[in-house]
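One-letter residues, chain by chain:
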Amino acid sequence: MAVWLVVWGRNPHDLRDKKVVEELKERIKKVELNFDFLAYFSLVNPIHNQGFDENTEFVQGINEYYKRKQSKFLNKESQIKKYNPDNWEIDENEGHRISFKYYFDDLNTINDKSIADSFKLFLRSNICCFIGDFDTFSKWFELCANSHEKLREGWQELIRTLFRLFDVKQAIYFSEWGFGDEDCESFDELLQWIEERPEKIIHKLEDLYKGDEFYIENLS
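For every chain, the first residue of the written sequence is number 1, and numbering continues from 1 along that sequence. The predicted nature of this model means local features are confined to residues of pLDDT at least 70 and side-chain atom pairs, given and counted, to a pLDDT of 80 or more, with totals for whole chains, interfaces and linings taken over all residues. Hydrogens and water are ignored here; the side-chain numbers use all heavy atoms of the structure.

J.: Help me understand helix α1 (residues 18-30) in this model?
T.: An α-helical turn contains 3.6 residues, so any two residues separated by three or four positions project in the same direction. Here α1 contains 13 residues, and its C-alpha end-to-end distance of 19 Å stays within 8% of the 18 Å for a straight helix at 1.5 Å per residue. Between buried and exposed lies partly exposed: a residue is buried under 20% and exposed over 50% of the maximum accessible area for its type, with that area taken using a 1.4 Å probe on protein chains only. The helix and strand labels rest on DSSP assignments: H or I over at least four residues marks a helix, E over at least two residues marks a strand, and numbering proceeds from the N terminus. Restricting attention to buried positions, one finds in α1 the residues V21, L24, K25, R27 and I28. The buried residues of α1 occupy one face: seen down the axis, they fall within an arc of 150°. Away from its buried face by more than 90 degrees, α1 exposes K19, K29 and K30. Multiplying one less than the number of residues by 1.5 Å gives the expected span of a helix. Working definition: the arc comes from the directions between the helix axis and the C-beta atoms, pointing outward to the latter.

What follows is the structure in structure tokens.
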């Protein structure tokens, strides 16, 4: 079973207020996203064992090898997905939750949305959550390897853009093996979990190798 990397933040908006919800739905129409970083995605996975010691000479050698080859993974410009604001699907549960899901393919061309390439951001109660695409975020320990630097930084910038769009001031990266999955109801509960485990904080996303650690990024 795949275990996702998920990104949490505090939702400052009152979803019980219909005017607030309508204004949030208008915001998503105005956002601009750049997917050029996806050109660096490849099926080459330098590390398959998430229990490795990242400080060993062997692992460092593998990462350096793939970093040197990374430019060869670059697709032609015509193959890069272009952002289309019409590809957002909004799902609203009145007074409780609102979800914004983006599909990389045009909605009218998708036969089965359950397996279509997509990512999602939802707001619920006082919490915000970002869930990325399957191919990348189900392999989070590979995304964090240095050989995938450009891909990782691209996703981070996309997440920053969406979080700032909805006035979220902090992004907290966990795997589902850490705090839990998307069913979390309270951001305060998540913060309490962190406060009780300060030794699990890491200071760079590229160091997120272990399933019970987390990375916190403060957004200006």
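J.: What is the right way to read the side chain of N11 from this model?
T.: Locating N11 in the fold gives a position in the loop between β1 (5-10) and α1. Pairing of N or O atoms within 3.5 Å defines a polar contact, subject to two protein rules: one partner must be a possible hydrogen donor and the other a possible acceptor, and residues neighboring in sequence count only if both atoms are side-chain atoms. A distance of 2.8 Å separates a polar side-chain atom of N11 from the backbone oxygen of S125. Whether two residues touch is decided by their heavy atoms; if any such pair falls within 4.5 Å, the residues are in contact. Those residues within four positions of N11 in sequence are excluded, and the remaining contacts are L123, R124, S125, N126, I127 and C128.

J.: Looking at this structure, I do not really get the pattern of salt bridges. What am I missing?
T.: Working definition: two side chains of opposite charge can pair if their charged atoms are close together. By definition here, a salt bridge exists when the distance from a side-chain nitrogen of Lys or Arg to a carboxyl oxygen of Asp or Glu is within 4 Å. Throughout the structure, instances matching the rule amount to 13 salt bridges. Between R16 and D14 there is a salt bridge, with the nearest N and O atoms lying 2.9 Å from each other. Its relative accessible area of 67% is what places R16 among the exposed residues. Classification of D14 by relative accessible area gives partly exposed; the value is 35%. Here E22 makes a salt bridge to K25, at a shortest N to O gap of 3.2 Å. One end of the pair is E22 and the other is K25, both in helix α1 and 3 residues apart, which spans about a single turn. For K25, a relative accessible area of 18% gives the class buried. Several salt bridges share partner residues, and in doing so they unite E22, K25 and E92 into one network.

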